[in-house]
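Structure assessment
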Number of protein chains: 2
Amino acid sequence: MKVAFIGMGTMGAPMAINILQKSHDLTVYNRTKGKEAVVVKAGAKRAASPKEAAAEAEVIIVCISDTPDVEEVILGENGVIHGAQPGSIVVDMSTISPKATRKMAESLKSRGVKMIDAPVSGGSEGAENGTLAIMIGGDPEDVGKARPILETMGKTITHVGPIGAGQITKAINQTIIAGGYLSVAEGVALGLKAGLDMEKVVQAIGGGAAASWVLTNRAGNMIANDYPLGFRVKLHHKDLRIALEAARELGVVLPLAALVDQIENGLIGRGFGDEDVSAMARMIREQSGIDPC
Amino acid sequence: MKVAFIGMGTMGAPMAINILQKSHDLTVYNRTKGKEAVVVKAGAKRAASPKEAAAEAEVIIVCISDTPDVEEVILGENGVIHGAQPGSIVVDMSTISPKATRKMAESLKSRGVKMIDAPVSGGSEGAENGTLAIMIGGDPEDVGKARPILETMGKTITHVGPIGAGQITKAINQTIIAGGYLSVAEGVALGLKAGLDMEKVVQAIGGGAAASWVLTNRAGNMIANDYPLGFRVKLHHKDLRIALEAARELGVVLPLAALVDQIENGLIGRGFGDEDVSAMARMIREQSGIDPC
């Protein structure tokens with residue numbers, strides 16, 4: 001299949017390489033020059049603009065960091081919309097606003113171009129191994145056409161609903177992990193302050209109702225007060241903003257997500273935005289007198 | 001071994017039966033008459049008071065609902081302390097205050113009686129199947145002596161630290177699940193209000209960083225707005241009070257546990273205290289306009 005891939009970041013580059021390895025014909029574009037080199041070396045063509053990348057593609061993948069960037073790449077002066085052929089499908093794998101997603105899909109539709117939203121979770125490791133979880137919103141027919149390409153990148157591929165539904169699903173994911181991280185941070189602080197051996201505690205409670213991916217994989221960071229990546233605080237914070245905006249539009253009450261959003265405001269302001277999300281434990285540890293502020 | 005068991009509730013009765021099945025010599029006592037009948041039928045002797053139950057026992061187990069009840073049963077007029085032999089071990093499997101636990105251990109010590117705290121998680125199902133997680137605080141020697149009895153009731157038996165450490169560990173467990181339930185409730189409300197098929201959403205995100213026991217086992221209740229037991233709101237609320245009291249004594253900051261405590265205040269006040277903890281979703285659903293208040 002003829003595929004375009006726009007966005008050669010930490011996620012996009014390894015995802016593009018997985019597409020190439022299944023013998024698809026790939027053209028890539030990146031805003032920052034040079035980052036696409038590794039993918040071009042693996043066999044991809046290089047385009048000079050999103051418009052040019054999209055020109056011959058049946059499937060046009062976008063994977064970049066935030067809503068305005070995706071809007072620029074799709075609707076901007078040299079955007080996908082000015083190059084894409086009628087009948088081609090834009091697959092946005094970025095994590096952005098569901099509302100903006102629906103608007104872009106409308107604009108593309110007026111030119112006969114389809115769009116589905118397909119944000120991912122699983123981090124750079126999942127991108128490299130082709131084991132991402134992909135959450136899809138869009139028309140079933142379009143999802144079906146894009147599926148062979150998505151299968152080169154992901155393991156759990158779930159079509160959740162109409163356009164925007166993938167982004168809402170990702171927002172739900174980020175809302176749920178927000179509480180997961182904060183509750184484990186609180187538990188760790190309580191145990192440390194009480195003088196417990198927290199590794200034994202995690203072992204004692206890890207098989208019951210407190211069990212979670214965060215407890216298994218990130219309590220260790222919080223106990224050691226050391227937060228290697230992982231997933232950056234500032235990216236989770238960006239995703240929570242999307243969740244909170246969606247909640248505002250829909251009239252949904254998210255007190256816990258809002259609390260975590262505020263804690264992350266502080267962390268980012270203090271220069272911890274590039275640490276792993278488990279750095280949320282910094283605030284609880286410091287304010288509980290475990291570490292100096 | 002000669003064992004006494006005080007507290008024939010939803011947890012205590014099946015736990016006592018598991019002890020009997022390993023051929024230990026068991027004497028039971030319950031404050032409410034009649035509840036011990038099923039255990040007596042299975043082969044236990046019946047005592048007229050905690051004092052009498054403790055009189056010949058090497059290990060004296062207590063499993064009742066809250067701190068004042070445990071204090072009454074252990075230190076009260078006909079309490080364990082007046083019957084227990086020097087060298088015997090009191091094993092408190094209730095979930096109560098770690099501070100009160102340490103005080104009771106001091107009182108018992110003055111009579112030559114040992115005490116360990118060994119609260120459990122795993123619910124009535126774990127009690128029946130002998131698969132409870134047991135979190136233990138106490139002297140290693142005493143824990144070692146009680147272990148053969150604990151092994152009849154639990155699968156994961158972890159000695160976490162000195163007297164009171166089991167109760168702190170249980171408080172940590174209840175703090176962590178508080179955030180687990182609330183974050184899943186928020187995610188469910190966001191998805192329902194956006195019109196998503198939430199069963200598909202749970203499937204899409206259940207393999208990644210949002211994975212948890214609560215998501216797997218309780219999101220269904222929240223989607224259906226139906227909260228069969230499970231674990232009662234009012235018991236979790238009692239346990240959170242213990243966690244928040246410990247946090248207050250230790251100077252630990254638990255904003256998320258405090259938020260959930262407030263939500264549960266409302267649920268209990270409105271008559272939902274006997275529903276499963278997943279009923280936390282009621283508040284989020286109602287306030288988000290999904291259900292009428």
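Each chain carries its own residue numbering, running from 1 in the written order of its sequence. Following the order in which they are written, the chains are lettered starting with A and the ligands numbered starting with 1. Local features in this predicted model are restricted to residues whose pLDDT is 70 or higher, and side-chain atom pairs enter the listing and the counts only when it is 80 or higher, whereas totals over whole chains, interfaces and linings include all residues. Here the side-chain values reflect all heavy atoms present in the structure, with hydrogen atoms and water set aside.

A few points about the overall build of chain A
Quick reminder of the rule: Put simply, DSSP H or I for four residues or longer makes a helix, DSSP E for two residues or longer makes a strand, and each gets a number counted from the N terminus. Note on method: radius of gyration uses C-alpha positions; expected globular size equals 2.2 Å times residues raised to 0.38. We call a residue buried when its accessible area falls under 20% of the maximum for its residue type, exposed when it is over 50%, and partly exposed in between, using a 1.4 Å probe and counting protein chains only. Here the Shrake-Rupley method, with its probe set to 1.4 Å, supplies the accessible areas, and only the displayed protein chains count as covering residues. Here Asp and Glu are counted as negative and Lys and Arg as positive; His is not counted, and neither are the chain ends. Every charge is mapped to an atom, namely NZ of Lys, CZ of Arg, CG of Asp or CD of Glu.
When its secondary structure is counted, chain A shows 13 helices and nine strands. For chain A, the C-alpha radius of gyration of 20 Å lies close to 19 Å, the compact-globule estimate for 293 residues. With the C-alpha coordinates aligned to their principal axes, the bounding extent of chain A is approximately 65 × 45 × 35 Å. Counting all 293 residues of chain A, 59% fall into the buried class. When the accessible area of chain A is evaluated, it comes to approximately 11100 Å², of which 49% is carbon and sulfur surface. Side-chain charges in chain A split into 30 positive and 33 negative, and the spacing between the mean points of these groups amounts to 2 Å.

Some points on the interface of chain B and chain A
Interface size is often expressed as the accessible area that is lost when the parts come together. Rules: Any two residues having at least one pair of non-hydrogen atoms within 4.5 Å are treated as being in contact. The quantity reported as buried area is the accessible area (1.4 Å probe) lost by two parts once they are put together, taken as the sum for both. A pair is scored as a salt bridge if a Lys or Arg side-chain nitrogen falls within 4 Å of a carboxyl oxygen belonging to Asp or Glu. Two N or O atoms form a polar contact when they lie within 3.5 Å of each other; inside protein one atom must be a possible hydrogen donor and the other a possible acceptor, and for residues adjacent in sequence the pair counts only when both atoms belong to side chains. In this classification, the charged set is Asp, Glu, Lys and Arg, the nonpolar set is Ala, Val, Leu, Ile, Met, Phe, Trp, Tyr, Cys and Pro, and all remaining amino acids, among them Gly, are polar.
On the chain A side, the residues contacting the 58 residues of chain B number 58 residues. Counting each side, the surface lost to burial between chain B and chain A is near 4700 Å², with a carbon and sulfur contribution of 74%. It is I176, E186 and L190 of chain B that lose the most area in chain B upon contact with chain A, and together they represent 14% of the buried surface on that side. The tally of links between chain B and chain A comes to zero salt bridges. Counting every contact that joins chain B to chain A gives twelve residue pairs in polar contact (both at pLDDT 80 or more). Secondary structure elements with two or more residues in the side of chain B that touches chain A: β8 (132–137), β9 (154–161), α8 (165–193), α9 (198–205), α10 (213–224), α11 (233–250), α12 (255–269) and α13 (280–287) of chain B. Here the side of chain B that touches chain A gets 20 residues from one element, more than from any other, and that element is α8 of chain B. Partitioned by chemical class, the residues of the side of chain B that touches chain A number 37 nonpolar, 17 polar and four charged.

Observations concerning α13 of chain B
A large share of α13 of chain B lies buried, amounting to six of its eight residues. Looking at α13 of chain B, one finds that the buried residues are M280, A281, R282, I284, R285 and E286 of chain B.

Looking at unusual backbone geometry
Residue G230 of chain A is reached from L229 of chain A by a cis peptide bond, and omega for that bond is -20 degrees. By the element assignment, G230 of chain A lies in the loop between α10 (213–224) and α11 (233–250). The phi torsion at N225 of chain B lies on the positive side, around 55 degrees, for a residue other than glycine. With respect to the element layout, N225 of chain B can be found in the loop between α10 and α11.

Brief notes about the packing of aromatic side chains
Put simply, the test is: Aromatic pairs are defined between Phe, Tyr and Trp rings, using the six-membered ring for Trp, whenever the two ring centres lie within 6.5 Å; interplanar angles under 30 degrees are classed as stacked, those over 60 as edge-to-face, and all others as tilted. When the NZ atom of lysine or the CZ atom of arginine is within 6 Å of a ring's centre and also within 35 degrees of its normal, the charge is said to sit over that ring.
Within this structure, the stated rule accounts for zero aromatic pairs over all chains. Looking at R282 of chain A, its charged tip hangs above the ring of F272 of chain A, at a distance of 4.0 Å from the centre.

Remarks on helix α12 (residues 255–269) of chain A
The periodicity of an α-helix, 3.6 residues per turn, causes residues three or four places apart in sequence to face the same way. Just so we agree on the cut-off: An expected span of 1.5 Å times one less than the residue number is assigned to each helix.
Its 15 residues give α12 of chain A an end-to-end C-alpha distance of 21 Å, which sits within 8% of 21 Å, the value for a rise of 1.5 Å per residue. All of the buried residues along α12 of chain A are L256, A257, V260, D261, I263, E264 and L267 of chain A. In this fold, the buried residues of α12 of chain A make contact with α8 (165–193), α11 and α13 (280–287) of chain A together with α8 and α12 of chain B. Once α12 of chain A ends, the next one or two residues include G271 of chain A, with phi positive near 95 degrees.

Section: the side chain of D261 of chain B
All names here are of chain B. With respect to the element layout, D261 can be found in helix α12. Nearest to the buried, unbridged D261 among oppositely charged side chains is R241, at 8.0 Å. A polar atom in the side chain of D261 sits 3.3 Å from the side chain of H237. Look past the residues within four positions of D261 in its chain and what remains in contact with it is H237, L240 and L244.

A look at the domain arrangement of chain A
Residue and element names in this part refer to chain A. Worth spelling out the cut-off: Domain limits in this description derive from either an automatic procedure or a database domain assignment.
You can read the domains of chain A as domain 1 (2–163) and domain 2 (168–287). Once you take the C-alpha centre of each, domain 1 and domain 2 turn out to be 29 Å apart. In total, domain 1 and domain 2 occlude about 960 Å² of area from one another, counting both sides; carbon and sulfur atoms represent 60% of this. Broken down residue by residue, the surface that domain 1 buries against domain 2 is led by T95, P98 and M135, which jointly contribute 43%. Linking domain 1 with domain 2 are one salt bridge, by the criterion used here. Run the count over domain 1 and domain 2 and you get five residue pairs in polar contact (both at pLDDT 80 or more).

Quick look at the pattern of salt bridges
With the rule as written, the count across this model stands at 30 salt bridges over all chains. Notably, a salt bridge pairs K45 of chain B with D25 of chain B, separated by 2.9 Å at the nearest N-O pair. One end of the pair, K45 of chain B, is in strand β3 (residues 45–46); the other, D25 of chain B, is in strand β2 (residues 25–29), with 20 residues separating them in the sequence. By relative accessible area, D25 of chain B is classed as partly exposed at 31%. Its salt-bridge partner being D276 of chain B, residue R218 of chain B comes within 3.4 Å of it at the nearest N-O pair. You can see R218 of chain B sitting in helix α10 and its partner D276 of chain B sitting in the loop between α12 and α13, a full 58 residues away along the chain. Across the pair, D276 of chain B and R218 of chain B agree in class, each one buried. Among the ionic contacts, a cluster of salt bridges with common partners joins D66, R241 and E245 of chain A.

What to know about the environment of T216 of chain A
All names here are of chain A. The topology assignment puts T216 in helix α10. Residue T216 is classed as exposed on the basis of its relative accessible area, which comes to 60%. The spatial distance from the C-alpha of T216 to the C-alpha of Q203 is 9.0 Å, given a sequence separation of 13 residues.

Observations concerning the packing of α8 of chain B against α13 of chain B
Residue and element names in this part refer to chain B. Just so we agree on the cut-off: An axis is simply a line fitted to the C-alpha atoms; with a helix, the fit covers only the stretch in contact. Between two such axes, the angle follows the N-to-C directions and lies from 0 to 180 degrees. Note on angle classes: values under 35 degrees are labelled roughly parallel, values over 145 roughly antiparallel, values of 65 to 115 roughly perpendicular, and the remainder oblique. Each crossing is labelled by how the near helix is turned from the far one, with a counterclockwise turn of less than a right angle marking it left-handed and a clockwise turn marking it right-handed.
Two elements in contact, α8 and α13, have axes separated by 9 Å at closest approach and are oriented at 30 degrees. For the element pair α8 / α13, the angle class is roughly parallel. Between α8 and α13 lies a crossing of right-handed hand. Facing α8, whose interface residues are A178, Y181, L182, A185, E186, A189 and L192, α13 presents M280, A281, I284 and R285. Grouping the constituent residues of the contact of α8 with α13 by class yields nine nonpolar, no polar and two charged.

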